[in-house]
Amino acid sequence: MTENVGGKGSRKLSKSLLKEMVEILHLAVRDEKDLELLYQTVRGNDAFLRAVDMMVLIPSDDPFYFARYLSLRGEGYSRR
Amino acid sequence: MREGEVSSLELLELVLERIEKTDDDVKAYVALREEKARKEARAADEEIRKGVDRGPLHGLPVSIKDLIDTEGLRTTYGSPIFKDHVPKEDAAVVVRLKEAGAVIVGKTNTHEFALGGITPPTRNPYDLSRIPGGSSGGSAAAIAAGSALLTLGSDTGGSIRIPASYCGVVGLKPTYGRVSRVGVFPESWSLDHVGPITRHVEDCALLLQAIAGYDPDDQATVEGELPDYTRGLDGDVEGLKVGVPTNHFFDDLDREVHAAVSAAIKHLEVLGMRTEEVSFPAVNEILGAYTALDLAEVAANHRRIYPEHSHEYLPDTKAFIEAGYLLSATTYIDALRARPRLLGQVLDATRGVDVLAVPSQPIVAPKVGDTVAVIDGHREDLLLAMVRLMAPFNLTGLPALSVCCGYNSRGLPIGLQIVGKPFDEATVLRVGHAYQISTPWRERLYKPPIG
């Protein structure tokens, strides 16, 4: 069983850290207004992304099963 | 048309007249093909006179969202970067419409690259100081203004259903894999859907019939015979079970929206359906997985255009893309892995009901320039407010229809969302049709408030 450890960066994100990331990644955000908009966007999404981080996934959680379950109307899905 | 009461050309001229009368105010259209459409309408009339029948769409005018490629007709994806872009081929859905005899009128406005819910500069025909919603805002506004009879939109986080709700019209996001996305500028390949926006549920069924089906060039589409969506519309709804979630979907709603949607659900009971409370599982995980997939795939889709053209993007679109570049790869992978499990949880929780009934939007159409939704004193980012009741059905791929269920005290439309089982659009349409023909809201659509 593996625990997801990704995506935690945005949780402790400060505006100055974001500014540094923008510079390191050569993002196109240049003025304070754009930076503020990006900061609010990242913060707004953070609470939802945190829920994904907290999920404990197992090897059989396989993206390729999505279309199969959908076309089988969920039949054959093994409950966990 | 079959009985010779009206011709394809006359219908087209009515639509063009209506565009002329309303579009300076509503700004639903970005490109028109009047002369080519007239030529095609005359050809359709000639075919019909000779007894050639290509089906129920034969000779009917259809308008297409500007995110969807149309051969020889300027397609900008809502961006100045593509202001002179003229596709060499039609999108798969446009090919299917043309094969069914539809006459393509023009292109309706989209939020830039479909990455938002505002759709500037289009305005809401119910109140020109308000937005139509988006990203398929041009299609919904054209239907509400009477400047289109039938339209296509696309939906990655509500982009068909949000404007359908704000403009008081009908919008269907089909099941993921029901309709090909080939030739549609991608937002997020895991979440993108193409579907109809129309005045009546019957029209939605007609359009779906024409555009649905397997496409070998879109690996998400599924093989198999399609049901007859129009034939089933008048089927019995008595005894159908309607699930009403006790969590999430009725939280933080505008009071008038809550009242209208609750009354609509009572009306479903009057029609003989049985309502049942259900608990919708893993809402935060679903919204989290949705957010991760959307942000990451948007950033990936724009990575070849954005670096050179970032100054030509709208500020909110820029923030969307930049946020995607900051997302960690592990979160994206985990969201992909979590998706089938989350679908399974939703199907398990709703196994005992035929459809779900929930609000389409927590609010009515916001004012132009609003960035925050204020709901009973609680402030919420406008885009998040628009997406939170919609995105669960993009992540799970379930079919979802928005139909008008009344108006608030200012005369602004409110939407009811009906959600079905995978690939069971037929039941969703049947319930929507039964609701629409038994309520007075549909009549208001014949009296557009502008023009």
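Novice: What's the story with the side chain of R130(B) in this structure? I'm lost.
Specialist: Residue and element names in this part refer to chain B. Summarising the element assignment, R130 is placed in the loop between β3 (103-108) and α4 (137-145). With relative accessibility at 7%, the residue R130 sits in the buried group. At 2.7 Å, the side chain of R130 forms a polar contact with the backbone oxygen of A365. With near-sequence residues (within four places) excluded, R130 lies in contact with R123, N124, A365, P366, K367, V368, R410 and L412.

Novice: What is the right way to look at the sheet that holds strand β12 (residues 400-407) of chain B in this model?
Specialist: Sheet strands pair via backbone hydrogen bonds, and the direction of the pair is either parallel or antiparallel. All names here are of chain B. As summarised here, the arrangement of the eleven strands in space is β1-β3-β2-β4-β6-β5-β12-β13-β9-β7-β8, forming an open sheet in which the pairing is mixed. Lying at the two open borders of the sheet, with one neighbouring strand each, are β1 (29-32) and β8 (274-278). Averaged over all neighbouring strand pairs, the angle between strand axes comes to 30 degrees, with direction disregarded. The pairing of strand β4 (residues 150-155) with strand β6 (residues 193-198) spans six bridges and is classified as antiparallel. Paired with L150 across the two strands is T198, which belongs to β6. Along the sheet face, helix α1 (residues 8-26) touches β1, β2 (61-65) and β3 and points at about 15 degrees away from the line of β3. Packing against the sheet, helix α14 (residues 425-437) makes contact with β5 (170-173), β9 (355-359), β12 and β13 (413-419), and its axis sits at approximately 10 degrees to β12.

Novice: How should I be thinking about the interface of chain B and chain A in this particular structure?
Specialist: When the parts of a complex come together, some accessible area is lost, and that lost area is often taken as the interface size. Facing the 45 residues of chain B at the interface are 41 residues of chain A. A buried area of about 3600 Å², summed over both sides, lies between chain B and chain A, and 70% of it is on carbon and sulfur atoms. Three residues, L326(B), R337(B) and R341(B), lead the burial of chain B against chain A; their summed loss comes to 21% of the area buried on that side. Counting across the interface, chain B meets chain A through two salt bridges. The shortest N-O distance in the salt bridge between D61(A) and R341(B) comes to 2.6 Å. Taken together, the connections running from chain B to chain A amount to five residue pairs in polar contact (both at pLDDT 80 or more).

Novice: Looking at this structure, I do not really get the nonpolar core. What am I missing?
Specialist: Buried together is how nonpolar side chains tend to be arranged in soluble globular proteins. All names here are of chain B. Within the largest apolar cluster, 155 residues are counted, with the highest numbers of intra-cluster contacts made by L57, I68, V93, L97, F393, L416 and L429. Ranked by the residues each element gives to this core, the list is headed by helix α8 (residues 283-302), at ten residues. I162, A365, A385 and M386 belong to the second-largest nonpolar core, a separate cluster that totals eleven residues.

Novice: Would you mind showing me how to read the state of the cysteines here?
Specialist: Two cysteines form a disulfide when their sulfur atoms are joined by a covalent bond. Across all of its chains, the model carries zero disulfides over all chains by this definition. C404(B) forms no disulfide, and the closest cysteine sulfur to it belongs to C405(B), at a distance of 6.4 Å.

Novice: Sorry, what's going on with the pairing of strand β10 (residues 372-375) of chain B here?
Specialist: Two faces, one strand: in a regular strand the side chains alternate between the faces of the sheet. Residues and elements named next belong to chain B. Residues of β10 alternate between two faces, with A373 and I375 buried on one and V372 and V374 left unburied on the opposite face. With four bridges connecting them, β10 and strand β11 (residues 378-381) associate as antiparallel partners. Directly across from A373, in β11, lies its bridge partner E380. In this antiparallel pair of consecutive strands, β10 and β11, the connection spans two residues, and D376 shows a positive phi of 50 degrees.

Novice: Would you take a moment to explain the confidence of the model for chain A for this structure?
Specialist: Fine structural detail should not be taken from predicted coordinates in areas where pLDDT scores are low. Residues and elements named next belong to chain A. On average, residues of chain A score 75 in pLDDT, and 76% of them are at 70 or above. Within chain A, the lowest mean pLDDT, 34, falls on strand β1 (residues 2-3), and the highest, 89, falls on strand β2 (residues 56-57). Counting interchain partners and residues more than four positions distant, the pLDDT-below-50 stretch residues 1-10 has 22 contacts.

Novice: How do you make sense of the pattern of salt bridges when you look at a structure like this?
Specialist: If charged atoms from side chains of opposite charge come close, those side chains can pair. Residue and element names in this part refer to chain B. Using the criterion set out here, one finds 22 salt bridges over all chains in the structure. The residue K107 makes a salt bridge to D66 at a minimum N-O spacing of 3.7 Å. Of this pair, K107 sits in strand β3 while D66 sits in the loop between β2 and α3 (92-99), and the two are 41 residues apart along the sequence. Judged by its relative accessible area of 0%, D66 falls in the buried class. With its nearest N and O atoms 4.0 Å apart, the salt bridge here joins D334 to R337. Linking D334 with R337, this pair stays in helix α11 (residues 329-349), spanning three residues, or about one helical turn. Each member of the pair, D334 together with R337, is buried.

Analysis parameters
- Residues numbered from 1 in each chain as written.
- Chains lettered and ligands numbered in written order.
- Predicted model: local features only at pLDDT ≥ 70, side-chain atom pairs only at ≥ 80, totals over all residues.
- Heavy atoms only, no water.
- Helix = DSSP H or I, 4+ residues; strand = E, 2+ residues; numbered from the N terminus.
- Buried < 20%, exposed > 50% of the residue type's maximum accessible area, 1.4 Å probe, protein only.
- Polar contact = N/O pair within 3.5 Å; in protein donor to acceptor, adjacent residues only side chain to side chain.
- Contact = heavy atoms within 4.5 Å.
- Pairing = 2+ DSSP bridges.
- Axes fitted to C-alpha atoms, helices over the stretch in contact; angles between N-to-C directions.
- Buried area = accessible area lost by both parts, 1.4 Å probe.
- Salt bridge = Lys/Arg side-chain N within 4 Å of Asp/Glu carboxyl O.
- Core = buried A, V, L, I, M, F, W, Y, C linked by side-chain atoms within 4.5 Å.
- Disulfide = S-S within 2.5 Å.
- pLDDT = per-residue confidence, 0-100.

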